[in-house]
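# Coordinate inspection notes
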Amino acid sequence: MVAALLSVAVFAGCTVPRPPGDSPLRYRDQAFNNVTVTKDLQYGSAPDSNGNPVALKLDLYQPTGDAQTKRPAIVWVHGGSFCCGDKTSPEIVDEANTFAKLGYVAVSINYRLLAPAGSCSGATSGSSTCVNAALEAKHDAQAAIRWLRSKASTYRIDPTRIGIGGSSAGAITATLVGLFSEDVGSSGNPGFPSTVRGFQSLSGGLPGGLFAGEGDAPGLLFHGTADGVVPYQWSADTAAKLLDSGVAAFLEPFDGDGHVPYAQHRDQILTQSDYFFYSFLDLAHAQGQPPAP
């Protein structure tokens, strides 16, 4: 099925098809009504701009009462121009809860905010301050991915089925994790892979499709065409470069919308993200699933 989707994506680059299977189908359809949240788990440590250690923490979302022993996981990354924001950002919390109800283990992470307020936008993206802040955010997110793998038995995670998604600065971070995995950083949990099987990006991407190439993780990119903070072209270029490299990518423009139009397009974002991660984390063949069609 993934091979078929790749073929579709290369030629269309548009909408993720609904994975086949009878309802209710875990990971595609809601399987749980309640979520258990464990807050402020430390997943790593790294220095701030003054060299002082920062404890990196996450909130973990699990389906209440779930007995499955190997579950896919997703890291969600908040926005805030690499200066601001928190793991309790409303759209990130909504996504984490939604995916936990599908049967995933989801985490929402804090990461180092190394850019001064107001210093990072599309117009200033090439500054050393913004580049450094983005790369260090990526390193922290990669440490969270490694943490999930290091805690696979504790939290009943399938370490081969991990994805990442985010909004704005978090979307840029998620894109970097998907496209620049070889630069792992040192924010914690060495010895485990930092790779993901897919990334989701809302109002992110990278300028000129930077780093995108053969062997990268597939991507699902949402973006308002009138975004005045992160240019829509970043997502368009990233998707195009992935497709040119033979990597599956889906670009979903929101015509005339601005930055992070989550509330306006919540259903589309959640549904398409659901189908995307189901397909590219190969959840049809995950533990406990019925025989794939």
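Refer to the preceding data block for the structure.
First, a word on what this report is: a plain description of the structure on this page. The structure presented is a predicted model; accordingly, all values stated were derived computationally and were not measured.

Taking 1.5 Å of rise per residue, 13 residues should cover 18 Å, and helix 6 (residues 232-244) covers 19 Å from first to last C-alpha, within 8% of that figure. Every buried residue of helix 6 is accounted for by Tyr232, Trp234, Ser235, Ala236, Thr238, Ala239, Leu242 and Leu243. Positive phi appears at Gly246, one or two residues downstream of helix 6, with a value of about 80 degrees.

Bringing the state of the cysteines into the picture now. Applying the stated criterion to the full structure yields 2 disulfides. Note on cysteine connectivity: Cys83 is disulfide-linked to Cys84, with sulfurs 2.4 Å apart. The sign of the -90 degrees torsion about the S-S bond sets the Cys83-Cys84 disulfide as left-handed. Given the relative accessible area of 34%, Cys84 is considered partly exposed. Put simply, Cys120 and Cys130 are joined by a disulfide, and their sulfur atoms are 2.1 Å apart. Taking the sign of the S-S torsion, -115 degrees for the link of Cys120 and Cys130, the bridge is left-handed. With Cys120 in the loop between strand 4 (105-109) and helix 3 (128-150) and Cys130 in helix 3, the pair connects residues that are 10 residues apart, well separated along the chain. For the residue pair Cys120 and Cys130, the accessibility class agrees, reading buried in each case. When the bonded cysteines of the chain are counted from the start of the sequence, the pairing works out to 1-2, 3-4.

Glancing now at the packing of helix 2 (residues 90-102) against helix 7 (residues 266-280). Contact geometry for helix 2 and helix 7: axes closest at 11 Å, N-to-C directions at 45 degrees. As summarised for this structure, helix 2 and helix 7 are arranged oblique, according to the angle between their axes. The handedness of the crossing between helix 2 and helix 7 is right-handed. Two secondary-structure elements touch here, helix 2 through Asp94, Glu95, Thr98, Phe99 and Leu102 and helix 7 through Arg266, Ile269, Leu270, Ser273, Asp274 and Phe277. Each residue belonging to the contact of helix 2 with helix 7 can be placed in one class, and the counts come to 5 nonpolar, 2 polar and 4 charged.

Turning our attention to the pattern of salt bridges. As enumerated under the stated definition, the model contains 12 salt bridges in all. Among the ionic pairs, Asp94 bridges to Arg266, the shortest N-O distance being 2.6 Å. With Asp94 in helix 2 and Arg266 in helix 7, this pair connects stretches of sequence that are 172 residues apart. Residues Arg161 and Asp158 are paired through a salt bridge, measuring 2.9 Å at the closest nitrogen-oxygen approach. Assessed through its relative accessible area of 3%, Asp158 is described here as buried. Residues participating in the shared-partner salt-bridge network are Arg26, Asp66 and Arg71.

Judged by nonpolar contacts, the single largest core of 54 residues is most densely connected at Tyr43, Phe82, Ile109 and Ile164. Apart from the residues lying within four places of it in its own chain, the contact partners of Tyr43 are Leu56, Lys57, Leu58, Ile109, Asn110, Tyr111, Asp140, Ala143, Ala144, Trp147 and Asn189. Tyr61, Leu220, Leu270 and Phe276 belong to the second-largest nonpolar core, a separate cluster that totals 31 residues.

Here the focus is the packing of aromatic side chains. Here the structure, examined in full by the defined rule, presents 12 aromatic pairs. Between Tyr27 and Tyr104, the ring centres sit 5.6 Å apart and the planes meet at 75 degrees, which makes this aromatic pair edge-to-face. Highlighted residues: Tyr27 in the loop between helix 1 (2-12) and strand 1 (35-47) and Tyr104 in the loop between helix 2 and strand 4, separated in sequence by 77 residues. Take Tyr27 and Tyr104: they sit in the same class, and that class is buried. Ring centres of Phe222 and Phe254 lie 5.9 Å apart, and the angle between their planes is 5 degrees; on these two criteria the pair is classed as stacked. Of this pair, Phe222 sits in strand 7 (residues 219-224) while Phe254 sits in strand 8 (residues 249-254), and the two are 32 residues apart along the sequence.

What follows is about the sheet that holds strand 2 (residues 53-63). With respect to topology, 8 strands assemble into an open sheet ordered 1-2-4-3-5-6-7-8, the strand pairing being mixed. For this open sheet the edge positions go to strand 1 and strand 8, each flanked by a neighbour on one side alone. With direction set aside, neighbouring strand axes in the sheet form an average angle of 20 degrees. Sheet topology places strand 6 (residues 199-202) next to strand 7; 4 bridges connect them, and they run parallel. Following the sheet pairing, Phe199 is matched in strand 7 by Gly219. Where helix 5 (residues 169-179) meets the sheet, it contacts strand 3 (71-77), strand 5 (157-167) and strand 6, and its direction lies at approximately 140 degrees from that of strand 5.

Criteria and thresholds
Residues numbered from 1 in each chain as written. Predicted model: local features only at pLDDT ≥ 70, side-chain atom pairs only at ≥ 80, totals over all residues. Heavy atoms only, no water. Helix = DSSP H or I, 4+ residues; strand = E, 2+ residues; numbered from the N terminus. Expected span 1.5 Å × (residues − 1). Buried < 20%, exposed > 50% of the residue type's maximum accessible area, 1.4 Å probe, protein only. Disulfide = S-S within 2.5 Å. Axes fitted to C-alpha atoms, helices over the stretch in contact; angles between N-to-C directions. Parallel < 35°, antiparallel > 145°, perpendicular 65-115°, else oblique. Left-handed = near helix turned anticlockwise from the far one by under 90°. Contact = heavy atoms within 4.5 Å. Nonpolar A, V, L, I, M, F, W, Y, C, P; charged D, E, K, R; others polar. Salt bridge = Lys/Arg side-chain N within 4 Å of Asp/Glu carboxyl O. Core = buried A, V, L, I, M, F, W, Y, C linked by side-chain atoms within 4.5 Å. Phe/Tyr/Trp six-rings, centres within 6.5 Å; stacked < 30°, edge-to-face > 60°. Pairing = 2+ DSSP bridges.

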